[in-house]
Amino acid sequence: MKLWGGRFEKSTEGLVEDFHSSIRFDQRLYKQDIQGSIAHARMLGSVGVISEAEANHLIKGLTEILADIQAGKIEFEIGAEDIHMNVEKLLTERIGPVGKKLHTGRSRNDQVALDLRLFLKTEIDQTKSLVEQLIQTLLYLSEEHLETWMPGYTHLQKAQPITLAHHLMAYVQMFLRDLGRLKDTLKRLNISPLGSGAMAGTTFPLDREQVALELGLDGVTLNSLDGVSDRDFALEFLASASILMMHLSRLCEELVLWSSGEFQFISMDDGYSTGSSIMPQKKNPDVAELVRGKTGRVYGDLMALLTVMKGLPLAYNKDMQEDKEQVFDAVDTIQKCLLVVEPMLRTMQVHRDTMAFGAKGGFTNATDLADYLAKKGVPFREAHELVGRIVLHCSKNGMGLEDLSLSDYQKLSPVFEEDLFSSIGIEFCVRARKITGGPSPETVSKGIKMSRMLLENLLW
Ligand code: ARG
């Protein structure tokens with residue numbers, strides 16, 4: 001008989017039993033569920049709703065069930081619906097009628113909300129440390145490549161020379177923001193809904209704060225309807241995870257491009273590449289591509305839960321059972337991706353010469369030539385127009401800006417002097433951009449130090 005079977009005259013159809021049961025996936029919450037039940041049982045004992053002896057009995061039974069699940073000794077039942085009722089059923093089978101007192105003053109509605117909060121708390125912490133490792137690797141690579149010149153792009157057309165360090169440090173900023181979002185999600189997530197009951201609280205004098213304290217939570221929810229029907233914390237996590245995946249995907253896209261025969265900026269380590277079943281010469285950046293591809297799954301998880309929640313009247317509705325698979329999928333996907341991207345980056349080989357060569361072509365120093373004129377008093381718009389004409393002339397003749405002679409330059413404007421050539425050298429162009437946030441090695445080096453400090457703060 002079902003734990004809720006009292007008011008039913010007929011049993012559930014087999015088809016429905018299978019359809020609405022969530023044990024196949026929510027068994028993943030067994031630890032959080034039992035932790036929550038232990039805290040609830042202890043509190044029931046300490047406020048006198050049950051006796052201390054009964055509470056201890058429940059706690060002992062729950063602790064043994066936890067150990068047995070961990071040892072793989074338990075088979076869950078589809079008929080017992082979900083992890084909450086599976087645990088309760090096991091408990092009563094093992095310790096007898098006192099097991100039936102565990103659910104006093106509680107509903108699966110507040111129970112599942114608690115379990116998911118506790119689960120995400122651990123997983124967000126784990127995700128944060130994976131993001132931290134990725135940031136550490138990017139910082140290390142940036143230090144190595146402060147003077148690895150490379151072209152910067154807009155519209156994927158060469159724009160201005162920068163360094164690989166500067167490029168990688170852009171990703172450090174993105175991942176630092178991701179850490180900030182995860183940390184912020186934790187703040188709102190870290191409260192206990194237990195005591196909300198089904199939706200209207202309970203008449204039992206429960207000590208909600210005691211439960212929260214035992215579970216390491218900062219406080220309790222302030223409205224019983226909201227307590228059971230809020231999934232903002234899961235949505236915030238999925239939204240943060242989606243943005244994080246978007247960052248990983250952009251990074252991976254660049255690695256795919258850079259490792260192509262056309263760019264040849266980097267080579268992926270063999271350990272992070274795969275071959276073709278037909279083309280013997282192939283070495284493909286599958287890992288980076290797959291991370292890019294998996295981004296769609298996490299966006300899907302976010303969209304699915306947003307859609308589940310959008311039309312729900314207060315308070316709990318069974319639709320909300322659909323929250324867990326999305327959250328689990330996003331947690332697994334994001335952690336697997338983070339785990340693989342970090343060593344893939346750390347082991348890639350950087351071809352400094354190809355990068356530096358790339359930094360030179362395509363008139364990446366044209367802005368600097370215009371700036372040269374502007375610094376000598378030519379209005380920038382006029383300088384831009386003149387340099388545009390010089391670029392046109394040079395590109396028609398297969399030349400770079402540095403290949404024209406001083407007398408050619410002086411025919412175009414008397415303002416040009418010998419020092420123009422040093423002003424348009426690629427290295428000079430980068431080194432001169434000392435502005436905060438700019439690519440000069442000196443500035444990037446400062447940026448690395450500041451980012452390390454930001455990282456420290458975000459980990460607290
Ligand atoms: N398995 C359910 C879920 O995941 C637990 C809560 C069920 N509550 C209910 N009133 N049917 O949401």
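Structural data are supplied above this passage.
Rules used in this analysis
- Residues numbered from 1 in each chain as written.
- Predicted model: local features only at pLDDT ≥ 70, side-chain atom pairs only at ≥ 80, totals over all residues.
- Heavy atoms only, no water.
- 1 Å grid on protein atoms, 1.4 Å probe; cavity = no way out; pocket = protein on both sides within 12 Å on 5 of 7 lines; lining within 4 Å.
- Points joined across faces, edges and corners; volume = space filled by probe spheres on them.
- Helix = DSSP H or I, 4+ residues; strand = E, 2+ residues; numbered from the N terminus.
- Axes fitted to C-alpha atoms, helices over the stretch in contact; angles between N-to-C directions.
- Parallel < 35°, antiparallel > 145°, perpendicular 65-115°, else oblique.
- Left-handed = near helix turned anticlockwise from the far one by under 90°.
- Contact = heavy atoms within 4.5 Å.
- Nonpolar A, V, L, I, M, F, W, Y, C, P; charged D, E, K, R; others polar.
- Salt bridge = Lys/Arg side-chain N within 4 Å of Asp/Glu carboxyl O.
- Buried < 20%, exposed > 50% of the residue type's maximum accessible area, 1.4 Å probe, protein only.
- Near = heavy atom within 4 Å.
- Polar contact = N/O pair within 3.5 Å; in protein donor to acceptor, adjacent residues only side chain to side chain.
- Areas by Shrake-Rupley, 256 points an atom, 1.4 Å probe, with all protein chains shown as cover.
- Core = buried A, V, L, I, M, F, W, Y, C linked by side-chain atoms within 4.5 Å.
- Pairing = 2+ DSSP bridges.
- Expected span 1.5 Å × (residues − 1).

Caption draft 1: View of the layout of surface pockets. Taken as a whole, the largest pocket encloses approximately 430 Å³ of empty space. As for the largest pocket, its lining consists of 20 residues, of which Gly-152, Tyr-153, Thr-154, His-167 and Glu-254 are closest to the centre. Only strand 1 (149-154), strand 2 (157-163), helix 7 (164-189) and helix 10 (232-258) provide two or more residues apiece to the lining of the largest pocket. Among the elements that take part in the lining of the largest pocket, helix 10 stands out by supplying five residues, more than any other. Of all the elements in the fold, those that place two or more residues in the lining of the second largest pocket are helix 7 and helix 19 (441-459).

Caption draft 2: Summary view of empty space enclosed by the protein. For the structure on display, the rule yields one cavity of 30 Å³ or more. Approximately 40 Å³ is the volume attributed to the largest cavity. His-40, Met-43, Leu-194, Gly-195, Leu-206, Asp-207, Arg-208 and Val-211 are the residues that line the largest cavity. Of all the secondary structure elements, the ones that give two or more residues to the lining of the largest cavity are helix 3 (30-46) and helix 8 (208-214).

Caption draft 3: Here's a closer look at the packing of helix 3 against helix 6 (residues 108-144). Two elements in contact, helix 3 and helix 6, have axes whose closest approach is 9 Å; the angle formed by their N-to-C orientations is 120 degrees. For the element pair helix 3 / helix 6, the angle class is oblique. The two elements helix 3 and helix 6 cross, and the hand of that crossing is right-handed. In this structure, helix 3 contributes Gln-32, Asp-33, Gln-35, Gly-36 and Ser-37 to the contact, and helix 6 contributes Gln-111, Leu-114, Asp-115, Leu-118 and Phe-119. Along the lines of polarity and charge, the residues of the contact of helix 3 with helix 6 split into three nonpolar, five polar and two charged.

Caption draft 4: Main features of the environment of Leu-386. Within the secondary structure, Leu-386 is located in helix 15 (residues 380-396). Remark: the alpha-carbon pair of Leu-386 and Ser-413, spanning 27 residues in sequence, is separated by 8.7 Å. Look past the residues within four positions of Leu-386 in its chain and what remains in contact with it is Leu-373, Leu-412, Ser-413 and Phe-416.

Caption draft 5: Region of the structure containing the pattern of salt bridges. Overall, the coordinates contain 32 salt bridges when judged by the stated rule. Linking Arg-108 and Glu-81 is a salt bridge whose minimum nitrogen-to-oxygen distance equals 3.0 Å. Linking Arg-108 in helix 6 with Glu-81 in the loop between helix 4 (52-70) and helix 5 (83-95), this pair joins segments that are 27 residues apart in sequence. Look at Arg-108 and you get partly exposed, because its relative accessible area is 23%. You can call Glu-81 buried: its relative accessible area is 3%. As a salt-bridge pair, Glu-236 and Arg-188 come within 2.9 Å of each other at their nearest N and O atoms. Note that Glu-236 is positioned in helix 10 and Arg-188 in helix 7, a separation of 48 residues in sequence. Using a relative accessible area of 43% as the deciding quantity, one classes Arg-188 as partly exposed.

Caption draft 6: Layout of the site of the ligand. Taken together, Ser-22, Asp-82, His-84, Arg-108, Asn-109, Val-112, Tyr-316, Gln-321 and Lys-324 are the residues near the ligand. Contact between the ligand and Ser-22: a nitrogen atom at 3.3 Å from a side-chain N or O atom of the residue. Side-chain polar atom of Asp-82 to a nitrogen atom of the ligand: 3.0 Å apart, as the coordinates give it. Taken by itself the ligand offers 340 Å² of open surface, and the protein chains cover 86% of this. For the shell around the ligand, the leading source of residues is helix 6, giving three residues. Here the shell around the ligand is built from residues that sort into two nonpolar, four polar and three charged.

Caption draft 7: Seen up close, the nonpolar core. Counting residues in hydrophobic clusters, the biggest one holds 108 residues, and the most contacted among them are Leu-120 and Phe-175. For this core, the leading source of residues is helix 10, giving 14 residues. When residues no more than four places from it in sequence are discounted, the contact partners of Phe-175 are Val-131, Leu-134, Ile-135, Leu-138, Leu-244, His-247, Leu-248 and Leu-251. The next biggest cluster of nonpolar side chains, apart from the first, holds 18 residues, and it includes Ala-370, Cys-394, Leu-401 and Leu-404.

Caption draft 8: A look at the pairing of strand 1. Note that strand 1 and strand 2 share six bridges and pair antiparallel. Paired with Thr-154 across the two strands is Gln-157, which belongs to strand 2. Following strand 1, the chain reverses through two residues before pairing antiparallel with strand 2; His-155 in that reversal takes a positive phi of roughly 60 degrees.

Caption draft 9: Spatial organisation of the environment of Arg-389. By the element assignment, Arg-389 lies in helix 15. Between the C-alpha atoms of Arg-389 and Leu-130, which are 259 residues apart in sequence, the distance is 50 Å.

Caption draft 10: Structural view of helix 4. Taking 1.5 Å per residue, 19 residues should reach 27 Å; helix 4 reaches 27 Å between its end C-alpha atoms and fits that length. Among the residues making up helix 4, those that are buried are Ala-55, Leu-58, Ile-59, Gly-61, Leu-62, Ile-65, Leu-66, Asp-68 and Ile-69. At its buried positions, helix 4 is contacted by helix 3 and helix 5. Remark: Gly-72 follows helix 4 within two positions and exhibits a positive phi of approximately 75 degrees.

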